[in-house]
Amino acid sequence: MPDFAERRRMMVDTQIRPSDVTKYPIIEAMLAVPREQFVPAAQREAAYADQNVSLGGSRVLLEPRTLAKMLDALDIQKDELVLDVACGLGYSTAVAARVAQMVIGVEEDEDLAEDAQALLSETGADNAIVHTGPLAEGAAEHGPYDVILVQGGAEELPAPLLAQLKDGGRIAALMMTGALGEVKIGYKSSGGISWRFDFNAAAPVLPGFAAAREFAL
């Protein structure tokens with residue numbers, strides 16, 4: 001049988017640490033959470049590869065480096081509430097739950113959401129729940145949030161989602177322009193959000209996060 005614990009260690013040593021992710025709570029979380037359990041069974045051999053892993057359709061589990069660098073930039077604290085948008089089967093939610101007070105995962109695919117909740121329970125993420133609903137709408141009833149993570153590409157960020165971020169909060173989003181993407185970190189102050197570039201990455205654009213198309217006759 002594959003030694004997934006060893007693959008986790010190799011993932012951290014060859015993908016996470018070399019990417020300047022040095023915060024111990026993040027490294028500990030990525031060593032502890034069994035990533036192979038949060039991907040479709042047919043994808044388990046690819047669970048620790050340095051690439052996005054398909055969850056079916058246009059949805060992916062972001063590569064380990066991308067998630068780790070997002071978490072490093074956000075610097076989530078133990079007393080903070082986190083919204084994890086497009087959580088898929090729950091891996092990012094499980095990792096974030098180890099460094100946050102509480103994490104709300106949002107998933108609109110009912111099968112993924114049901115499986116994610118079961119996996120979170122099985123892996124001991126008792127401070128995480130999955131909200132089933134449109135990704136672009138977030139989960140306003142549980143907010144506002146100190147931190148928002150978006151687990152996929154975005155051309156535009158929906159206003160209802162941004163409204164759920166607390167003043168003083170942070171958001172990480174992978175903004176796509178064609179095939180090119182940039183992870184940006186936003187800081188909310190006085191109702192507005194200022195953005196800074198963090199690193200390059202890429203992922204398919206999530207449902208509800210595409211820019212409106214203009215049609216010309």
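Whatever comes next refers back to the structure up there.
Attention in this report is confined to the structure presented alongside it.

Scoring rules and cut-offs
Within any chain, residue numbers begin from 1 and follow the written order of that chain's sequence. A pLDDT threshold of at least 70 governs which residues receive local features in this predicted model, and a stricter bar of 80 or more applies before side-chain atom pairs are shown or counted, although totals over entire chains, interfaces and linings include all residues. Side-chain measures here rest on the full set of heavy atoms in the structure, leaving out hydrogens and waters. Under the DSSP-based scheme used, a helix requires at least four consecutive residues in state H or I and a strand at least two consecutive residues in state E, with every element numbered from the N terminus. Accessible area is worked out with a 1.4 Å probe on protein chains only. A residue is then buried under 20% of its type maximum, exposed over 50%, and partly exposed in between. A contact between two residues is defined here by any heavy atoms of the two lying within 4.5 Å. For helices, the fitted line uses only the C-alpha atoms of the stretch in contact; every axis is such a line through C-alpha atoms, and the angle between N-to-C directions lies from 0 to 180 degrees. By definition, turning the near helix anticlockwise from the far helix through less than a right angle yields a left-handed crossing, and turning it clockwise yields a right-handed one. Three classes are used, and their members are as follows: Ala, Val, Leu, Ile, Met, Phe, Trp, Tyr, Cys and Pro are nonpolar, Asp, Glu, Lys and Arg are charged, and the others, Gly among them, are polar. What makes two strands pair is DSSP finding at least two bridges between them. In the sections that follow, a salt bridge refers to a side-chain nitrogen of Lys or Arg positioned within 4 Å of a carboxyl oxygen of Asp or Glu. Here a polar contact means two N or O atoms within 3.5 Å. Within protein one must be a hydrogen donor candidate and the other an acceptor candidate, and residues neighboring in sequence count only if both atoms are side-chain atoms.

## Some points on the environment of Leu31
For step 1, the next point in the chain: Its place among the elements puts Leu31 in helix α2 (residues 24-32).
For step 2, the next point in the chain: We classify Leu31 as partly exposed; its relative accessible area is 35%.
For step 3, the next point in the chain: Distance in space between the C-alpha atoms of Leu31 and Gln51 is 18 Å, their sequence separation being 20 residues.
For step 4, the next point in the chain: Leu31 has contacts with Arg8, Arg9 and Val12, leaving out every residue within four places of it along the chain.

## With respect to the packing of helix α1 (residues 4-16) against α2
For step 1, the next point in the chain: Interhelical geometry of α1 versus α2 gives an angle of 140 degrees and a closest axis separation of 8 Å. Both α1 and α2 take part in a crossing whose hand is right-handed. On α2, the residues touching Arg8, Arg9, Met11, Val12 and Ile16 of α1 are Ile27, Met30 and Leu31.
For step 2, the next point in the chain: For the contact of α1 with α2, the residue count by class is 6 nonpolar, no polar and 2 charged.

## Brief notes about the environment of Glu114
For step 1, the next point in the chain: With respect to the helices, strands and loops of the structure, Glu114 is situated in helix α5 (residues 110-122).
For step 2, the next point in the chain: Owing to a relative accessible area of 57%, Glu114 belongs among the exposed residues under this scheme.
For step 3, the next point in the chain: In the structure, Glu114 is positioned 19 residues away from Val95 in sequence and 18 Å away in space, judged by C-alpha atoms.

## What about the pairing of strand β6 (residues 145-154)?
For step 1, the next point in the chain: Within β6, 10 of the 10 residues are buried, leaving the element largely enclosed by the surrounding structure.
For step 2, the next point in the chain: As defined by bridge partners, strand β3 (residues 81-85) adjoins β6 across 4 bridges and the pair is classed as parallel. Directly across from Leu83, in β6, lies its bridge partner Ile148.
For step 3, the next point in the chain: The pairing of β6 with strand β7 (residues 165-177) spans 6 bridges and is classified as parallel. Looking across to β7, one finds that Gly153 is bridged to Leu174.

## Structural notes on the pattern of salt bridges
For step 1, the next point in the chain: Counted according to the given criterion, the structure contains 12 salt bridges.
For step 2, the next point in the chain: Glu28 is paired through a salt bridge with Arg98; the nearest N and O atoms lie 2.9 Å apart. With Glu28 in helix α2 and Arg98 in the loop between α4 (91-97) and β4 (102-107), the pair connects residues that are 70 residues apart, well separated along the chain.
For step 3, the next point in the chain: We classify Glu28 as partly exposed; its relative accessible area is 24%.
For step 4, the next point in the chain: Linking Arg196 and Asp198 is a salt bridge whose minimum nitrogen-to-oxygen distance equals 2.6 Å.
For step 5, the next point in the chain: Taking the relative accessible area as the measure of exposure, Arg196 reaches 32% and is therefore partly exposed.

## Quick word on helix α3 (residues 64-74)
For step 1, the next point in the chain: Summarising burial for α3: 10 of the 11 residues are buried, a large majority.
For step 2, the next point in the chain: Where α3 is concerned, the buried positions are Pro64, Thr66, Leu67, Ala68, Lys69, Met70, Leu71, Asp72, Ala73 and Leu74.
For step 3, the next point in the chain: Within two residues after α3, Asp75 carries a phi angle of roughly 50 degrees, on the positive side.

## Remarks on the environment of Gln151
For step 1, the next point in the chain: Following the sequence through the fold, Gln151 ends up in strand β6.
For step 2, the next point in the chain: You can call Gln151 buried: its relative accessible area is 4%.
For step 3, the next point in the chain: Along the chain, Gln151 and Val60 lie 91 residues apart, while their C-alpha atoms are 8.4 Å from each other.
For step 4, the next point in the chain: Once you skip the residues sitting within four places of it in the chain, Gln151 turns out to touch Val60, Leu62, Leu67, Asp84, Val85, Ala86, Ser92 and Leu206.
For step 5, the next point in the chain: A distance of 3.0 Å separates the side chain of Gln151 from the side chain of Asp84, its partner in a polar contact.

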